[in-house]
Amino acid sequence: MKVLLKKFNKTKLSTRLVYILVSLLFLVSYIFLFINIFKLTGIANKIRIIVLVVLGLLVILYSFGDLLLLLTKKNKTVYFTSFIALILACACVIGSLAINRALSALSNMSKDTIVYTTNLIAMAGTEYKNDKDFTIGIINNETDTEGNTLAYELIAKDDMKNTIKKYDTYFAMLEDLYAGKINALFITSNYVVIYSTYDAYANIGTDTVVLKEYSKEMKNQDYIESSGSVTKPFTVLIMGVDSPSPKLNANAAFNGDTLMLVSFNPKTLDATIFSIPRDTYVPIACLNGGSSKINSSAAYGTNCVINTVQNLIGINIDYYVKVDFQGVIDLVNALGGIDITVPDNIDFCESNQYRSTNPNDLICIKSGYQHMTGEQALAFARHRHTLPAGDFQRVQHQQLIVEAAAQKVKEISSVNEFYSVLDAVSDNMDTNMQTSDMLALYSVIRDTLGISGSTLNIQKTYLTGYSLTMYVDNLRANVYTFQYYPQSLEEITNAMKVTLGLKKATMVKTFNFSVNDEYEQTVIGKQVYTVTRNETVPSFTGQTLDYVEAWAQTRNINIIPNYITVEMNGYDDTLADGTVVAQSVVRGKLVKDISSITVNVIKKSNTNETTTTTNTGATTKKSNTLSSNKSNNSDDNKGTEEQTEATEPITEKVTSSVTETTLNKTETQKPS
């Protein structure tokens, strides 16, 4: 060893330094690459091992080979081999940085922390006053980060001494704000996007003003751990998010107008896409069994949406992806645009991504085959107002975009394209799919596509049903809803189960074909079924008691008359005896949910107490003790007065439970 060291020290100094520096650089760069390559769990295992083995042998070969060359004083050869080794070392460094960049982008898709923001809003022109006469509404749910948790933190931080009213729903709270019953309320900073889609709050952005704002970066409270595996058939729920921020890094609550469930089999590359119409009337998981339009579940966060969809279809959701609208633009542009055939007779203009309605900012789409930019694709995905089938046609357009984008992803051939796509989706996407899952999915799809003739097979679906305007409790209004046909939903869920391997496909044994007919791919669930449709309770104001009882008899509903006099209640004295002037059940309620209705009925003569038998045989009393209290019965949250005032005891109470508290200096913590 001493002899070897002595010979080494006698070599040319410059050559010796080159050998030492290049050897260290080559070894360090190889170790760096070795660590990063092994982070690519589940992807191209054989290739990774081969690359590492070959590079490792080259490091050893250079270290010992050039040492012998150095000792034998073959300096020129040492310089040449060192130059080759230096190039390989740089390649290792570049490869490591590329892997790091890709892994960082993939990791960024799963948001560990989120900036949550609560706003204290009031009607425009209101100024905040820190005293008990200024009443503030707050949501009565301690799991609501923005509406409750951060609200109480802000109350403590600013030593707010206001009177607090607790509400079960935001709609009840907003109704009281507009009615002047409270001065302000705490709500998510994303409230304009969420509530402006409802007619009653279409101008909420200009109707209200933000008095206080409080933000806090916290661990993602809406993250849901996945137990799925991308190497096996899985489901993923895609949720469109209309975020006012340039990146998807804030707020759990969002607009749930776009909900798309995809079942995917990585072995066969079969996929089934189920777009759920925004107005679909279903039980909402976080409303204690109450039903509403499915898009309203998004106001309560991802967890509520996922549980609601799972309960609807009876299939476990393995993964979720929240995509901001800006992400759609960036992704499509990164792919170089997408090719879509816009259905016939579909010509429209839509506002841009900033919702600008300036004529110069409108994006216009025409029928026919065309190459779309990201801005055009977003307009195509968002527009529904002028479409013949409205939201139902919009969800079909969204399916076309997903299909076109999936086909373009397969064509990615350069590193720059790959990074552009990653950058586009990483900033505008939140998912519970881990980096290892994404890499494994890429590996599976790449291997499957490598098989001759393999391609993505995407099956589209269409949920059919009928329209019904009805009173929805949590929305506190008569609103348009979509009542789906159970048979259509069953067809769709069966198709998804077939894709997932949970059911066997039913073979089609007959097929008719004519060269004169244009072939159309079968859309699962797109049929009209014969079903008993839901019916709503009408307004009985102005009808006779006999009419109401006849209506109720055929529906097995008990009618309970509550007799009142014109004189004591201030009604028009031209009203005939037996005229109904109010009812206990709000107009628009589903008939199937009602067992009895109390109606206020005009009785002009005051008689002694007698009894009468209703249409169902129940016995009720005609009381000569009449209340002069007025009813505040209303059938919606817009204050439409379709019913004459009546006695309060029969009026259905649709307001949420409200608790009132006055905060003082010592009361800064959330009440239990």
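Cut-offs applied
- Residues numbered from 1 in each chain as written.
- Predicted model: local features only at pLDDT ≥ 70, side-chain atom pairs only at ≥ 80, totals over all residues.
- Heavy atoms only, no water.
- Helix = DSSP H or I, 4+ residues; strand = E, 2+ residues; numbered from the N terminus.
- Buried < 20%, exposed > 50% of the residue type's maximum accessible area, 1.4 Å probe, protein only.
- Polar contact = N/O pair within 3.5 Å; in protein donor to acceptor, adjacent residues only side chain to side chain.
- Contact = heavy atoms within 4.5 Å.
- Salt bridge = Lys/Arg side-chain N within 4 Å of Asp/Glu carboxyl O.
- Core = buried A, V, L, I, M, F, W, Y, C linked by side-chain atoms within 4.5 Å.
- Disulfide = S-S within 2.5 Å.
- Bend = angle between axes of the 7 residues up to and from the residue.
- pLDDT = per-residue confidence, 0-100.
- Phe/Tyr/Trp six-rings, centres within 6.5 Å; stacked < 30°, edge-to-face > 60°.
- Pairing = 2+ DSSP bridges.
- Axes fitted to C-alpha atoms, helices over the stretch in contact; angles between N-to-C directions.

**Looking at the side chain of Ser29**
Right, on to step 1. Within the secondary structure layout, Ser29 lies in helix H2 (residues 13-37).
Right, on to step 2. When its relative accessible area of 3% is taken as the criterion, Ser29 is described as buried.
Right, on to step 3. At a separation of 2.9 Å, a polar atom in the side chain of Ser29 contacts the main-chain carbonyl oxygen of Phe26.
Right, on to step 4. When sequence neighbours within four positions are dropped, the list of residues in contact with Ser29 reads Ala89, Cys92, Val93 and Ser96.

**What to know about the pattern of salt bridges**
Right, on to step 1. Taken as a whole and judged by the stated rule, the model has 10 salt bridges.
Right, on to step 2. Notably, a salt bridge pairs Arg476 with Glu175, separated by 2.8 Å at the nearest N-O pair. Of this pair, Arg476 sits in the loop between strand E18 (465-472) and strand E19 (477-484) while Glu175 sits in helix H6 (residues 170-179), and the two are 301 residues apart along the sequence. Pair check on accessibility: Arg476 and Glu175 agree, each one buried.
Right, on to step 3. Residues joined in a network through salt bridges with shared partners are Lys157, Asp158 and Lys212.

**A closer look at the nonpolar core**
Right, on to step 1. Counting 66 residues, the largest nonpolar core has Phe234, Ile338, Ile340 and Phe380 as its most contacted members.
Right, on to step 2. When residues in this core are grouped by element, the largest group, 9 residues, is from helix H4 (residues 75-108).
Right, on to step 3. Excluding residues that lie within four positions of it along the chain, Phe380 makes contacts with Ile340, Val342, Pro343, Phe348, Ile365, Met372, His397, Leu400 and Ile401.

**Some points on the environment of Ser82**
Right, on to step 1. Within the element layout of this structure, Ser82 appears in helix H4.
Right, on to step 2. Linking Ser82 and Tyr19, residues 63 residues apart in sequence, is a C-alpha distance of 6.7 Å.
Right, on to step 3. Once residues lying within four places of it in the same chain are set aside, the contact partners of Ser82 are Val18, Val22, Tyr62 and Asp66.

**Overview of the state of the cysteines**
Chemically, a disulfide is nothing more than a covalent bond linking the sulfur atoms of two cysteines.
Right, on to step 1. Tallied over the full model, the rule gives 2 disulfides.
Right, on to step 2. There is a disulfide in this structure between Cys286 and Cys304, and the S-S distance comes to 1.9 Å. Across the S-S bond linking Cys286 and Cys304, the dihedral sits near -70 degrees, which makes this disulfide left-handed. Taken together, the residues Cys286 in the loop between strand E9 (281-283) and strand E10 (291-293) and Cys304 in helix H9 (residues 302-313) connect sequence positions 18 residues apart.
Right, on to step 3. Across the disulfide from Cys349 sits Cys364; the S-S distance is 1.9 Å. A torsion of 100 degrees about the S-S bond marks the disulfide between Cys349 and Cys364 as right-handed. One end of the pair, Cys349, is in strand E13 (residues 348-350); the other, Cys364, is in strand E14 (residues 363-365), and 15 residues separate them in sequence.

**A word on unusual backbone geometry**
Right, on to step 1. A positive phi is found at Asp159, a non-glycine position, where the angle reads about 50 degrees.
Right, on to step 2. Within the fold, Asp159 resides in the loop between helix H5 (145-157) and strand E3 (163-167).
Right, on to step 3. In this structure Asp159 comes out as partly exposed when scored by relative accessible area, which is 27%.
Right, on to step 4. The backbone of Asn556 sits at a positive phi, close to 60 degrees, despite the residue not being glycine.
Right, on to step 5. Within the fold, Asn556 resides in the loop between helix H16 (545-553) and strand E20 (558-564).

**Some remarks on H5**
Right, on to step 1. At Ala151, H5 shows its strongest bend, of approximately 30 degrees.
Right, on to step 2. A large share of H5 lies buried, amounting to 10 of its 13 residues.
Right, on to step 3. Buried residues of H5: Thr145, Glu146, Gly147, Asn148, Thr149, Leu150, Ala151, Tyr152, Leu154 and Ile155, and no others.
Right, on to step 4. Residues of H5 that are buried in the fold lie against strand E1 (113-123), strand E2 (135-139), E3, H6, strand E4 (184-188) and strand E5 (208-219).
Right, on to step 5. Capping the start of H5, Asp144 holds a side-chain oxygen 3.3 Å from the backbone nitrogen of Glu146, two or three residues further along.

**Concerning the confidence of the model for the chain**
For any part of a model where pLDDT is low, the fine detail of the predicted coordinates should not be relied upon.
Right, on to step 1. Of the residues in the chain, 82% have a pLDDT of 70 or more, and the chain-wide mean is 81.
Right, on to step 2. Counting interchain partners and residues more than four positions distant, the pLDDT-below-50 stretch residues 607-672 has 168 contacts.

**Topic: the packing of aromatic side chains**
A ring pair, where both rings are aromatic, is described by two values, the distance of the centres and the angle of the planes.
Right, on to step 1. This model, assessed by the stated rule, comprises 14 aromatic pairs.
Right, on to step 2. Taking the centre distance of 5.5 Å and the plane angle of 85 degrees together, the rings of Phe234 and Tyr319 count as edge-to-face. In this pair, Phe234 is assigned in strand E6 (residues 234-241) and Tyr319 in strand E11 (residues 319-324), connecting sequence segments 85 residues apart.
Right, on to step 3. Judged by its relative accessible area of 4%, Phe234 falls in the buried class.

**Things to note about the sheet that holds strand E16 (residues 429-431)**
Right, on to step 1. If you walk across this open sheet you meet the 6 strands as E16-E11-E6-E7-E8-E17, and the pairing is mixed. Edge positions in the sheet fall to E16 and strand E17 (457-460), since each of these pairs with one other strand and no more. Each adjacent strand pair in this sheet contributes to an overall mean axis angle of 20 degrees, direction not counted.
Right, on to step 2. Looking at chain direction, E6 and E11 are connected through 6 bridges and run parallel. Bridge assignment links Val241 to a residue of E11, and that residue is Asp324.
Right, on to step 3. Set on the sheet, H9 makes contact with E6, strand E7 (259-265), strand E8 (270-275) and E11; between it and E6 the angle comes to about 130 degrees.

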